[in-house]
Amino acid sequence: MRVAVVGAGVVGLAAAAALLDADHDVLCLDRTGPMAERSTGSSRIFRLAHGSADLVALAREARAGWRRWSEAAGRPLVHDVGCLVSGADTLAWTAAMRKAGAPYETVGADARIPARRGPDVALLDTTGGVIDAEGTGAHLTRRVGAAFQTRVVYLLEERGSGARVHTPEGAVDADAVLIAAGAGTSSLAAQVGLYTPTVLAHHVRFTFATTRTGPLSAWIDQSSGRMATYQHMARPGRWAVGGLLDHAATAWEAGRAEATRAAREAVLDYVRVHLDGVVPEVLDEVYCTTMAGLGDGFHLRRRGPFTAVYGDNLFKFAPLLGDLLARAVTEGTEEKVDYV
Ligand SMILES: Cc1cc2nc3c(=O)[nH]c(=O)nc-3n(C[C@H](O)[C@H](O)[C@H](O)COP(=O)(O)OP(=O)(O)OC[C@H]3O[C@@H](n4cnc5c(N)ncnc54)[C@H](O)[C@@H]3O)c2cc1C
């Protein structure tokens, strides 16, 4: 089949690579370049730990895919340092891990995290860790190769049994189109009668120097009385922290500059008060849009030759998503599938 993939973030590239592996004729288009928007930056957290046993099982499938990708890339794309979960979701996520038969441990103040005071009790997802996002992008970009072109897609239309993809450089006809355009998905999907969430929010992650050496676990902290955060070693000597601020601070209407200022202030405060061995000076920031209130999981919508995918926190699922989307696009899927 001739398949057009709109978007070369980690999701579009993973799907394009899987489609090429299955010998389809693929054109992957991105308005900016590979890994430029939500997939940008050096690292991400991988975890099996989720709030439902179904998502834990899907993350296990994704982990097997990360192993395959690492072998093909000739280097580990996930560093198995573990992922610690503390606070509000700990019990529910532990129950989901148990139900899915996934390996985990229960740890406390001895947790390998740069906290002034460790949690009383926490879930250690021993299979979790840190994804090398840059390495993943390089690997996928190599795999997709000449099937990638920098072109903005401004219109999608159904033509006979297939589709026409319009770009300023001309139109491309395809048997099927995958819309994996991140923040651009909803406006393209709406053109072909598919609804995906339209409300965007701002999110910023900050990187600090750390004096801590040795492997530290990635950490999702939802302890009561403080801002929920996710944290990990972005590279040796660098600790990345993202804070989950309240809706008013991150709403689209707040504007990127104001949302970034608020996030920087809140995360710096958190680092000063709660972390140990992390220098409270921002060295780097990674900005992206998110879809307000979506949480974990992912969603497929299909109409005629068009399939759209959306979700937050998709990086960890990328190898699974690539295979699943390649099948959905070429073999067909239900009109609406929610993996939650
Ligand atoms: C700071 C931060 C921390 C995160 N932490 C985690 C984490 O720990 N674990 C995790 O799993 N996930 C995490 N995520 C989320 C994860 O990175 C994203 O869900 C994932 O990268 C989304 O990939 P994507 O391919 O869907 O979107 P994108 O990477 O945004 O790709 C979509 C692409 O579509 C292109 N595009 C849009 N419109 C058009 C158009 N009209 N024509 C052509 N091209 C178009 C864009 O240029 C873009 O490159 C984090 C994200 C950020 C930014």
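Model, not experiment: these values are computed from the prediction. (Residues numbered from 1 in each chain as written. Predicted model: local features only at pLDDT ≥ 70, side-chain atom pairs only at ≥ 80, totals over all residues. Heavy atoms only, no water.)

## Some words on the overall build of the chain
Part 1 of the argument: Helix and strand counts for the chain stand at 8 helices and 21 strands.
Part 2 of the argument: Here the C-alpha radius of gyration of the chain, 20 Å, is about what a compact globule of 340 residues would show, namely 20 Å.
Part 3 of the argument: Counting only C-alpha atoms, the chain reaches 65 × 45 × 35 Å along its principal axes.
Part 4 of the argument: Taken across its 340 residues, the chain has 56% of its residues classed as buried.
Part 5 of the argument: Carbon and sulfur atoms form 50% of the exposed surface of the chain, whose accessible area is close to 14200 Å².
Part 6 of the argument: Taking the average location of the 35 positive side-chain charges in the chain and that of its 38 negative ones, the two points are 2 Å from each other. (Helix = DSSP H or I, 4+ residues; strand = E, 2+ residues; numbered from the N terminus. Rg over C-alpha atoms; globule rule 2.2 N^0.38 Å. Buried < 20%, exposed > 50% of the residue type's maximum accessible area, 1.4 Å probe, protein only. Areas by Shrake-Rupley, 256 points an atom, 1.4 Å probe, with all protein chains shown as cover. Lys, Arg positive; Asp, Glu negative; His and termini not counted. Charge placed at Lys NZ, Arg CZ, Asp CG, Glu CD.)

## As for the environment of Leu55
Part 1 of the argument: Examined against the element boundaries, Leu55 turns out to sit in helix H2 (residues 53–73).
Part 2 of the argument: With near-sequence residues (within four places) excluded, Leu55 lies in contact with His50, Asp296, Gly297, Phe317, Tyr339 and Val340. (Contact = heavy atoms within 4.5 Å.)

## Remarks on the sheet that holds strand S8 (residues 129–132)
Part 1 of the argument: Ordered by their spatial adjacency, 3 strands build an open sheet running S3-S8-S4, and the pairing between neighbours is antiparallel. Two strands in the sheet have a free side with no partner beyond their single neighbour: strand S3 (43–46) and strand S4 (78–79).
Part 2 of the argument: Inspection of the sheet shows S4 paired to S8 by 2 bridges, in the antiparallel sense. Residue pairing across strands places Val78 opposite Ile131, the latter belonging to S8.
Part 3 of the argument: Along the sheet, H2 makes contact with S3, S4 and S8, crossing S3 at roughly 135 degrees. (Pairing = 2+ DSSP bridges. Axes fitted to C-alpha atoms, helices over the stretch in contact; angles between N-to-C directions.)

## Thoughts on the packing of aromatic side chains
Part 1 of the argument: Scanning the entire structure with this criterion turns up 4 aromatic pairs.
Part 2 of the argument: When the ring of Trp66 is compared with that of Trp69, the centres are 5.2 Å apart and the planes differ by 75 degrees; the resulting orientation is edge-to-face. Linking Trp66 with Trp69, this pair stays in helix H2, spanning 3 residues, or about one helical turn.
Part 3 of the argument: With relative accessibility at 8%, the residue Trp69 sits in the buried group.
Part 4 of the argument: Between Phe298 and Phe317, the aromatic rings sit 5.2 Å apart at their centres with planes inclined by 65 degrees, giving edge-to-face as the arrangement. Taken together, the residues span a long stretch of sequence, with Phe298 in strand S19 (residues 298–303) and Phe317 in the loop between strand S20 (306–310) and helix H8 (318–331) at a distance of 19 residues. Comparing Phe298 with Phe317 shows no difference in burial state: the two are buried.
Part 5 of the argument: Following the ring pairs from residue to residue traces out a cluster consisting of Trp66, Trp69 and Phe315. (Phe/Tyr/Trp six-rings, centres within 6.5 Å; stacked < 30°, edge-to-face > 60°.)

## Regarding the domain arrangement of the chain
Part 1 of the argument: Annotation of the chain at the domain level lists domain 1 (2–38 + 136–198 + 295–339) and domain 2 (79–131 + 199–291).
Part 2 of the argument: Centre-to-centre, using C-alpha coordinates, domain 1 lies 30 Å away from domain 2.
Part 3 of the argument: Overall, the association of domain 1 and domain 2 removes approximately 840 Å² of surface from exposure, summing both partners, and the carbon and sulfur fraction of that is 57%.
Part 4 of the argument: For the domain 1 face of the interface with domain 2, the top three residues by lost area are Arg38, Thr198 and Asp312, together amounting to 53%.
Part 5 of the argument: Joining domain 1 to domain 2, the criterion identifies 0 salt bridges.
Part 6 of the argument: Linking domain 1 to domain 2 there are 3 residue pairs in polar contact (both at pLDDT 80 or more).
Part 7 of the argument: Split by residue class, the side of domain 1 that touches domain 2 holds 4 nonpolar, 3 polar and 4 charged. (Domains from an automatic or database assignment. Buried area = accessible area lost by both parts, 1.4 Å probe. Salt bridge = Lys/Arg side-chain N within 4 Å of Asp/Glu carboxyl O. Polar contact = N/O pair within 3.5 Å; in protein donor to acceptor, adjacent residues only side chain to side chain. Nonpolar A, V, L, I, M, F, W, Y, C, P; charged D, E, K, R; others polar.)

## Points about the sheet that holds strand S10 (residues 155–159)
Two strands in a sheet stick together by hydrogen bonds in their backbones, pointing the same way (parallel) or opposite ways (antiparallel).
Part 1 of the argument: Strands sit in the order S10-S11-S12 across an open sheet of 3 strands; the sheet is antiparallel. At either end of the open sheet lies a strand with only one pairing partner, and these are S10 and strand S12 (170–174). This sheet shows a mean twist of 25 degrees between the axes of neighbouring strands, independent of strand direction.
Part 2 of the argument: Across 5 bridges, the pairing between S10 and strand S11 (residues 162–167) is antiparallel. The residue bridging Glu157 from the neighbouring strand is Arg164, located in S11.

## A few points about the site of the ligand
Part 1 of the argument: Around the ligand sit 33 residues in total, of which Asp30, Ser39, Arg44, Ile45 and Cys288 are the nearest.
Part 2 of the argument: At a separation of 2.5 Å, an oxygen atom of the ligand approaches a polar side-chain atom of Ser39.
Part 3 of the argument: Contact between the ligand and Phe315: an oxygen atom at 3.2 Å from a main-chain N or O atom of the residue.
Part 4 of the argument: For the ligand, whose unbound accessible area comes to 1000 Å², protein coverage reaches 95%.
Part 5 of the argument: Contributing elements (two or more residues each) for the shell around the ligand: helix H1 (10–21), strand S2 (25–30), S3, strand S14 (200–209) and strand S18 (284–291).
Part 6 of the argument: A breakdown of the residues in the shell around the ligand according to their chemical character gives 16 nonpolar, 9 polar and 8 charged.
Part 7 of the argument: Counting residues domain by domain, the shell around the ligand receives three or more from each of domain 1 (2–38 + 136–198 + 295–339) and domain 2 (79–131 + 199–291). (Near = heavy atom within 4 Å.)

## Section: the side chain of Ser217
Part 1 of the argument: Take Ser217: it is sitting in the loop between S14 and strand S15 (218–222).
Part 2 of the argument: Since its relative accessible area comes to 2%, Ser217 is described here as buried.
Part 3 of the argument: Here Val81 takes part through its backbone oxygen, which lies 3.3 Å from a polar atom of the side chain of Ser217.

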